[in-house]
Amino acid sequence: MLHCESRKPDGGHRRGGASGCPPQGGRDLLDQPSPSSVEAETFSTVRDVVQRSYENVVLVLQGGGALGSFQGGVVERLDAVGVDVNWVAGISIGAINSAIIAGNPPGRRIEKLRGFWEKVTSRIAWPWLPPSEEMRAAFNQASSFSAMTFGQPGFFVPRFPPPQWMPPGGTEATSYYDTAPLKATLEEFVDFDYLNDGAVRLSVGAVNLRSGNLTYFDSTKRRICPEHIMASGALPPGFPAIEIEGELYWDGGLVSNTPLGYVLSRIDGENTLIFQVDLFSASGDRPRTLTEVRERQKDIQFSSRTRLNTDVFKRAQEMRRTVSQLLDQLPPELRDLPEAKKLAENRQSALVNIMQLIYRRKPTDRDYKDYEFSRNTMLDNWQAGRDVIVRTMRHPSWFELPDPETGVVTHDVWREAKD
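The rules behind the values
In every chain, residue numbers begin from 1 and rise along the written sequence. For a predicted model such as this one, the threshold for reporting local features is a pLDDT of at least 70, and the threshold for listing and counting side-chain atom pairs is 80 or more; totals across whole chains, interfaces and linings nevertheless cover every residue. Side-chain calculation: all heavy atoms of the structure are included, whereas hydrogens and water are not. Within this scheme, the nonpolar core is defined by two criteria: the residues are buried Ala, Val, Leu, Ile, Met, Phe, Trp, Tyr or Cys, and they are joined through side-chain atoms within 4.5 Å. Burial classification: accessible surface area is computed with a 1.4 Å probe over protein chains only, and a residue below 20% of its type maximum counts as buried, one above 50% as exposed, and the rest as partly exposed. The contact definition used throughout considers only heavy atoms, calling two residues in contact when any of these lie within 4.5 Å. By definition, any uninterrupted DSSP run of H or I lasting at least four residues is a helix, any uninterrupted run of E lasting at least two residues is a strand, and each is numbered from the N terminus. The angle between two axes is taken between their N-to-C directions and runs from 0 to 180 degrees, where each axis is a line fitted to C-alpha atoms and a helix contributes only its stretch in contact. Any angle that is under 35 degrees is reported as roughly parallel, and any over 145 degrees as roughly antiparallel; angles of 65 to 115 degrees are reported as roughly perpendicular and all others as oblique. Note on residue categories: nonpolar means Ala, Val, Leu, Ile, Met, Phe, Trp, Tyr, Cys or Pro, charged means Asp, Glu, Lys or Arg, and polar means any other residue, Gly included.

Novice: Tell me about the nonpolar core, and name the residues and values.
Specialist: L59, I229, F275 and F399 are the most contacted members of the largest nonpolar core, which has 75 residues in total. Residues within four places of I229 in sequence aside, it is in contact with A95, I96, A99, L186, F192, L202, V204 and I224. By size, the runner-up hydrophobic cluster in this structure holds 17 residues, among which are A89, V263, A350 and V408.

Novice: Tell me what's going on with the side chain of S144, and back it up with residues and numbers.
Specialist: Mapped onto the elements, S144 comes out in helix α5 (residues 133-150). Among all residues touching S144, those that are not within four sequence positions of it are Y368, Y371 and E372.

Novice: Any chance you could break down helix α3 (residues 93-102) for me, citing the residues and the numbers?
Specialist: Burial analysis of α3 places 10 of its 10 residues in the buried class, the great majority of the element. Those residues of α3 not exposed but buried are I93, G94, A95, I96, N97, S98, A99, I100, I101 and A102.

Novice: With reference to specific residues and values, describe the packing of helix α4 (residues 109-120) against helix α14 (residues 375-393).
Specialist: Close contact between α4 and α14 brings their axes to 10 Å; oriented N to C, the two are set at 150°. On the basis of their axis angle, the class for α4 and α14 is roughly antiparallel. Touching L113, R114, W117 and E118 of α4 are R375, M378, W382 and R386, all from α14. Grouping the constituent residues of the contact of α4 with α14 by class yields 4 nonpolar, no polar and 4 charged.

Shown next as structure tokens:
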């Protein structure tokens, strides 16, 4: 049982400054290319617009196992440009990335994020890869078999004896892998004292096994410990449920693989820029084989109806705007009515801008892409994250506050950009 004191940490949440230094550590990770003079000026414009316009800058990180290194590339480039984040929210691997970001000062975040991904992908680093897509896919499949058979360093190890041989009721009988190594890894890469001091707000989601309800562990409301992060990524039947204060929790992705809805419901009247970094795309091609069927099924299942979340929020914003306009036309004697005061609580105030940064399938991806932990693929995904945020920042007008008449706007580089 977790004995982690639940308390709200002292101090508010302030925007953490970027380090201004190149990322440290991770000698095997690609060096960041220097932006051209035009790009550097454009990125500086983006940073200035963000600092001037938004009280909240939020990272919303979806679950997706090995694909989570894509999020590392996004975060690295945001840090290099100097876009400060004051709230991170994640599910599953997104919760782990979020904890590392929130649990380290600006000058060490990228070093620690790189260190985590290098550690968990240290088992297989192919010195050579074939140019053929099918052959590369075969190498990736071998890596995924290794993960299933031997686990991943600093993350999980297979149980022996296997769960089928264990008496019913215990943790050993209800999961194929032991995630005890993950706790030690989190303690290595996350400063939980720093995290709970409140420099950057952290919210991670997990499913209560008994009730089936999605629960968020939020650093503004309780002290966060390694077990809260592990609970968010406890995907059955691979990983065991995590016990917290007498309750068992599984991976939050079983209910919703993105914390976007949680963030949108708790903006509290502050202009907010959200970088929504998704690892599964809702859109995709028609499958041609059973392998592609399994991959497409996984994409749809874990994309979490992202567009639905934003559409519902847009309709809610429209209703709040209508309420505000109606209240403004009421005579003074009616504004003091209890009903009018109740409606006033729902006035539109916050403006919300959502940047959708979605991982796009590579030709070598297959249905095992979320547990293919080779160093080579991790580097590819990290670079893809860098590329998508760079493309997004080439459009500084997207970062301006949305029109107050709508209150919310979304941008997706894959749908809108022509570069």
